[in-house]
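# Commentary on secondary and tertiary structure
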Amino acid sequence: MKTPPSPPGAERADGSPVRIGALVPLTRPGWVEAGRHLLAGLELAVHEVNDAGGIAGRPLELVVRDTAADPRKAAAAVDELARLGVAALAGEYHSVVARAAAARADALGLPFLCSSAVLDALTEQPTRWVARLAPVQSHGWRIYADFLLGAGHRRIAVAAEPSVYWASGTRILQDHLAARGGTVIELDMRALTPAAVGDELVGNRATALLLLVGHPEPAVPIVKSVRRDRRLAEIMIGAPAGQPEFAGWARSLGDDGAAIPFLRYLPERLGPLGTRVEAALRERLAEAPSFVAFEGYDTIAVLAEVLRSYGADRARTAESWPRVAVEGTRGRIRFSRTPGISVWQWAWTPVQVVDRDPAEPGRFRVLRSG
């Protein structure tokens, strides 16, 4: 495919801004809390880049578009941002939305650094235009499956809604657990009420229930129903997609939201950069930053380094992915071609299985690192 030229003025040295398009879920049905954290990380990093002199003296400008978890809205935003002359795209949290954005960016020849989405097949075919920071779903969810096995769980129920992302997660769990003597029982939440989930768990002799559903509905009602069912006092509830990471989870569920293991992408201890950024994000958000906020910050850190080193030409940005070596908040970031993955991939972000401590739900316990 012929490389499209960069927009006029991309290499100007007249002090005009270098623009980056940001795709973020800021309204429902998007996960608004995740979007707010992602945007906080993006904005903090842009602020710091500009305080340090910008990109060769030009300010970095974030052009934000709300995807609202809608793939069609995201694709339209990519078209608009390309017309506006952005040098690159950043962001997005929802995997199915990021996939639509990546396909459109690839078609337009617009570099896209995906911050948070984990679906393995981010594009149908290998592309040079797209890179990703988050670990792929198969990597993280296999670590989660190993955690379940290590905790003695062999009969695992998944309460799932229709979604490419949830279906992909279910397949990963089934394949990984079946090879190790485990069984995955699928509960279709289109056909079950939260109250009926308990009967299914008892009837199937499940020892763990995984929430592969949206938050707050129906995740919160399911947790409340299971917690109040005396037959299920010993069952473990899990949420591999990370719902309990956010403060809204604790506000919705209180003590019921503790001891629900989930995946997050942080090292056990942050280094000096991560510690400094954590404090700045906490001030900006007025609460503890999630791993999604760090993903946002790292996205801009990478793009700023690429733009400083190779200029704002889109083709040169796409060619630079394998040469990137940037100190991020969670480790040194490098991109490579990973078998089975169609985009340039950081392999791998630190992965943890974490839960909220029942004795102090505002505190997280690291249960496993991978």
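The shown structure was predicted, so the numbers you read here are calculated from the model rather than taken from an experiment.

## Remarks on the sheet that holds strand E1 (residues 18–24)
Spatial ordering of the open sheet is given by E2-E1-E3-E4-E5-E14-E13, a layout of seven strands whose pairing is mixed. Every other strand in the sheet has two partners, leaving strand E2 (60–66) and strand E13 (335–336) as the edge strands with one partner each. Strands in contact with helix H3 (residues 95–108) are E1, strand E3 (88–91), strand E4 (112–114) and strand E5 (130–132); relative to E4, the strand with the most contacts, it is inclined by about 160 degrees.

## Examining the environment of Gly242
Residue placement: Gly242 occurs in the loop between strand E9 (236–238) and helix H8 (247–253). Owing to a relative accessible area of 1%, Gly242 belongs among the buried residues under this scheme. The spatial distance from the C-alpha of Gly242 to the C-alpha of Arg264 is 6.4 Å, given a sequence separation of 22 residues.

## A few points about the sheet that holds strand E15 (residues 352–357)
A sheet is described by the order of its strands in space; here three strands give the open sequence E10-E15-E16, paired in antiparallel fashion. What marks the edges here is a single partner per strand, and that holds for strand E10 (262–264) and strand E16 (360–369). The sheet shows a mean angle of 45 degrees between the axes of neighbouring strands, direction not considered. Direction of pairing for E10 relative to E15: antiparallel, over a ladder of three bridges. When the sheet's bridge partners are listed, Leu263 is paired in E15 with Val353.

## Structural notes on the packing of aromatic side chains
Taken as a whole and judged by the stated rule, the model has eight aromatic pairs. Taking 5.0 Å as the distance between ring centres and 50 degrees as the angle between the ring planes, the aromatic pair formed by Tyr165 and Trp166 counts as tilted. For the pair Tyr165 and Trp166, a shared accessibility class is recorded, and that class is buried. When the ring of Phe262 is compared with that of Phe364, the centres are 5.9 Å apart and the planes differ by 75 degrees; the resulting orientation is edge-to-face. Of this pair, Phe262 sits in strand E10 while Phe364 sits in strand E16, and the two are 102 residues apart along the sequence. The exposure class assigned to Phe262 is buried, which follows from its relative accessible area of 0%. On the basis of relative accessible area, Phe364 is assigned to the partly exposed category, the value being 23%. Aromatic ring contacts, followed pair by pair, group Trp31, Tyr93 and Phe246 into a single cluster. Stacked on the ring of Trp344, the Lys or Arg Arg337 has its end atom at 4.3 Å from the ring centre.

## A short note on the side chain of His176
Within the fold, His176 resides in helix H5 (residues 164–178). Excluding its chain neighbours within four sequence positions, the residues that come into contact with His176 are Arg142, Ala145 and Asp146.

## Concerning the pattern of salt bridges
Evaluated as defined, the whole model comprises 19 salt bridges. For Glu287, the salt bridge identified is with Arg36, shortest N-O distance 2.8 Å. Placement of Glu287 in the loop between helix H9 (272–285) and helix H10 (291–310) and of Arg36 in helix H1 (residues 32–51) is noted, with a sequence separation of 251 residues between them. Exposure remark for Glu287: the relative accessible area of 16% places this residue in the buried category. Taking the relative accessible area as the measure of exposure, Arg36 reaches 35% and is therefore partly exposed. Note that Glu327 and Arg332 form a salt bridge whose closest N and O atoms lie 3.3 Å from each other. The exposure class of Arg332 is partly exposed, given its relative accessible area of 43%. What emerges from the salt-bridge pattern is a single network uniting Asp199, Asp229 and Arg231.

## Examining the pairing of E15
Burial analysis of E15 places six of its six residues in the buried class, which makes it a mostly covered element. In terms of strand pairing, E15 meets E16 through six bridges, oriented antiparallel. Along E16, the bridge assignment pairs Asp355 with Arg365. A loop of two residues connects E15 with E16, the two strands running antiparallel in sequence.

## Here's the deal with the pairing of strand E6 (residues 155–160)
Taken residue by residue, a regular strand's side chains alternate between the two faces of the sheet. The buried count for E6 comes to five of six residues, which makes it a mostly enclosed element. Where E6 meets strand E7 (residues 183–188), six bridges bridge the pair, whose relative direction is parallel. Note that in E7 the partner of Ala159 across the bridge is Leu187. After leaving E6, the chain enters H5 and then returns to the sheet as E7, a path that is right-handed. Here five bridges tie E6 to strand E8 (residues 208–212), and the two strands are oriented parallel to one another.

## Thoughts on H1
Taking 1.5 Å per residue as the helical rise, H1 with its 20 residues ought to reach 28 Å, and the 28 Å between its terminal C-alpha atoms agrees with that figure. Phi for Gly53, located one or two positions after H1, is positive at around 110 degrees.

## Some thoughts on unusual backbone geometry
Omega for the peptide link from Arg28 to Pro29 comes to 10 degrees, which places this bond in the cis form. With respect to the secondary-structure elements, Pro29 resides in the loop between E1 and H1. Although it is not a glycine, Glu92 adopts a positive phi angle of roughly 70 degrees. Turning to its location among the elements, Glu92 is positioned in the loop between E3 and H3. Note on Glu92: relative accessible area 0%, which makes it buried.

Cut-offs used in this document
Residues numbered from 1 in each chain as written. Predicted model: local features only at pLDDT ≥ 70, side-chain atom pairs only at ≥ 80, totals over all residues. Heavy atoms only, no water. Pairing = 2+ DSSP bridges. Helix = DSSP H or I, 4+ residues; strand = E, 2+ residues; numbered from the N terminus. Contact = heavy atoms within 4.5 Å. Axes fitted to C-alpha atoms, helices over the stretch in contact; angles between N-to-C directions. Buried < 20%, exposed > 50% of the residue type's maximum accessible area, 1.4 Å probe, protein only. Phe/Tyr/Trp six-rings, centres within 6.5 Å; stacked < 30°, edge-to-face > 60°. Lys NZ or Arg CZ within 6 Å of the ring centre and 35° of its normal. Salt bridge = Lys/Arg side-chain N within 4 Å of Asp/Glu carboxyl O. Right-handed = clockwise from strand over helix to strand, strands pointing away. Expected span 1.5 Å × (residues − 1).

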